[in-house]
Structure formats: C-alpha cells, structure tokens
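Tertiary structure, described
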Amino acid sequence: MSAIDVLSPGVLTTVQDLGRPGLAHLGVSPSGAVDAPSLERGNRLVGNGRTAAALEATLIGPRLRFRCAALVAVTGPRRDERAFEVGAGDELDVGRLEHGARAYVCVRGGIDAAPVLGSRSTDLLTGLGPAPLRTGDVLALGPEPRTAPEPLALLRVDVEPVLHVHPGPRDDWFAPDAIDALVGTDWRVSPDSNRVGIRLEGPALRRVRIDELLSEGVVTGALQVPPSGLPILLLNDHPTTGGHPVLAVVTSDDLPIAGQLRPGDRVSFRR
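Described in the following lines is the structure provided in the data block. (Residues numbered from 1 in each chain as written. Predicted model: local features only at pLDDT ≥ 70, side-chain atom pairs only at ≥ 80, totals over all residues. Heavy atoms only, no water.)

A closer look at the sheet that holds strand 14 (residues 222–224)
Quick note on the threshold: For two strands to be treated as a pair, DSSP must find at least two bridges joining them. Labels follow the DSSP assignment, with helices taken as runs of H or I lasting at least four residues and strands as runs of E lasting at least two, numbered in each case from the N terminus. Every axis corresponds to a line fitted to the C-alpha atoms, with the helix fit spanning only the stretch in contact, and the corresponding angles, defined between N-to-C directions, vary from 0 to 180 degrees.
Strand order in the closed barrel formed by seven strands is 10-17-14-15-12-11-18, and the pairing between neighbours is mixed. Within the sheet, the average angular offset between the axes of one strand and its neighbour, ignoring direction, is 40°.

In structure tokens form, the structure reads like this:
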C-alpha cells in the first residue's frame, strides 16, 4: 500500500495544498499553505503538479514511517531543499524547525485526502478538510504523476521580516498618527498565534471612533485592530468577515514571510 504511518504528529501538522480561493462569498476562508512558494518548490522537486497536497509542519514536525519507497522533499526557510529517496519501512523525523515557523513535507504522488470544495487543505477555523495529524493516522499517497522531478537550485535566502502595507480601508477610524505608529514600531509576535491570525505585541494603536463597526469582508493580510489596540494579522484560515476595523493590509507578496513568523520574532511594517 502506498501510504505513510504517522508515528508522531509534531506540534501541529496539517494537510495543505493551494487552498480554496474565491469562496469568501460563501463564508469559506482561502486556507492553503501559508508559505505557498515553499510548498510549490517542494512539489516541483518531487515532480508533483502545483496543486498536489503536502504536509505543513509547525515549529516541531512529524515523525513518519513510509510503507513504500518514495521520493520526498522537505522545504522551508534555509533548508537543504533537495529531493531524496526513502525505502519501505524507513522513518523520517522532521524534528524541531531551526528557522521559520513552518516546513513542508512533499511526497511524490501527493497526500491523497478527500477534496472538499476543490481542495485537500485543512481549515482550522471551519473544520473543512482533513483533521490535523494524530498519532496512528495513515496517510494515503496519490498515483504516480506523469511529470518528472525538477532539479531546482538550492535556495538559501535570509528574508528580512519587513512587511509592506497599504493603508486602509478603515484607517480613518484611527488617530492620524496610527499608520506612522504601525510602521515605526518593532512588533513582537505573540505565542497566541496560529493559521487564523498572528497577534502582535507593542504599543496600542489609538482609535478616534469607538462605535461598533458592522461586520464586513476581510482578506488575508488584513491588520485588524480589536479594542485592545494591538493588531492581528489575518492568515489563511481567517474568517471571511469581521467587526474590527482594518488599519492596513499586508501586500500579497509578503504573506509567505508573515506565515514563517515564530512566537517571539520581531517584525516591522513599511508603507
């Protein structure tokens, strides 16, 4: 059987592909890999199509036993991103991530979970897709793809944790200096962060309007500011509507950087 036994799930390991974009009008978050470029590199290394599902490991990765020979790649910040062969009965222990918050375990054939609304991604907020990995789970692998593995150049890039933002759409709900305070602060990532959102610690951003905001649509990368004044950077499993004003939105190109922020990391913003 082409399958993998989960000996230990790590802190939080989920099945992810490129998610469910375009369904916000149905109340469905985009989900998918928070560092999509790392997922796509891994799939290319093992010869999968770009939409193949893989495992997204958080902080401490899973320990897996392969029931069959397989071609595997583990990708993420500053990793030795090469495809390697494992034999039937071999174990792979991803272990503690030294850099970044997330790594991707890509296996030739992909993880063969049942698709929901066109995606195999786990959505922590709604519960769509397969449940996060647990000890004793058996992960089926998909059929052999027709595409060949790609020998990509080794990628070792130290990315400065600076996220570019567009002000608004509710920056008028804040003090005139709120954007300056946002971009002038060295923020700290709270331990109370996950795939739904990253809570940031620093000086409270002052609002000039304190009335209630009717719920309105929000996007991945939105910086919502609750009554505490401390922003929350929404990630892939965010709700599709929210009642807190959004001071600014992180550019989509910088979202993979945001997805690799660890608790305790420092991050700053730039217009």
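We are not done yet, so read on.
With respect to the environment of Pro239
For clarity, the threshold we go by: Here, two residues are considered to be in contact whenever any of their heavy atoms come within 4.5 Å of each other.
Structurally, Pro239 can be placed in the loop between strand 15 (232–234) and strand 16 (241–242). C-alpha of Pro239 to C-alpha of Gly27: the two residues are 212 residues apart in sequence and 7.5 Å apart in space. Every residue in contact with Pro239, bar those within four places of it in the chain, is listed here: Leu125, Val196 and Val218.

Here's the deal with the pairing of strand 4 (residues 63–66)
Note the following rule: When accessible area is computed with a 1.4 Å probe and restricted to protein chains, residues below 20% of their type maximum are described as buried, those above 50% as exposed, and intermediate ones as partly exposed.
Side-chain alternation along strand 4 places Leu64 and Phe66 on a buried face and Arg63 and Arg65 on a face that remains uncovered. Of the pairings in the sheet, the one linking strand 1 (residues 3–8) to strand 4 comprises four bridges and is antiparallel in character. Of the residues in strand 4, the one forming a bridge with Val6 is Leu64. Looking at chain direction, strand 4 and strand 7 (residues 91–93) are connected through three bridges and run antiparallel. Paired with Arg63 across the two strands is Asp93, which belongs to strand 7.

Comments concerning the pattern of salt bridges
Test applied: Any carboxyl oxygen of Asp or Glu within 4 Å of a side-chain nitrogen of Lys or Arg constitutes a salt bridge here.
Under the counting rule described, the total for this entry stands at 17 salt bridges. Between Arg44 and Glu150 there is a salt bridge, with the nearest N and O atoms lying 3.0 Å from each other. On the criterion of sequence distance, the pair formed by Arg44 in helix 1 (residues 36–46) and Glu150 in the loop between strand 9 (138–140) and strand 10 (162–167) is long-range, its members being 106 residues apart. Across the pair Asp112 and Arg120 runs a salt bridge whose closest N-O atoms are separated by 3.5 Å.

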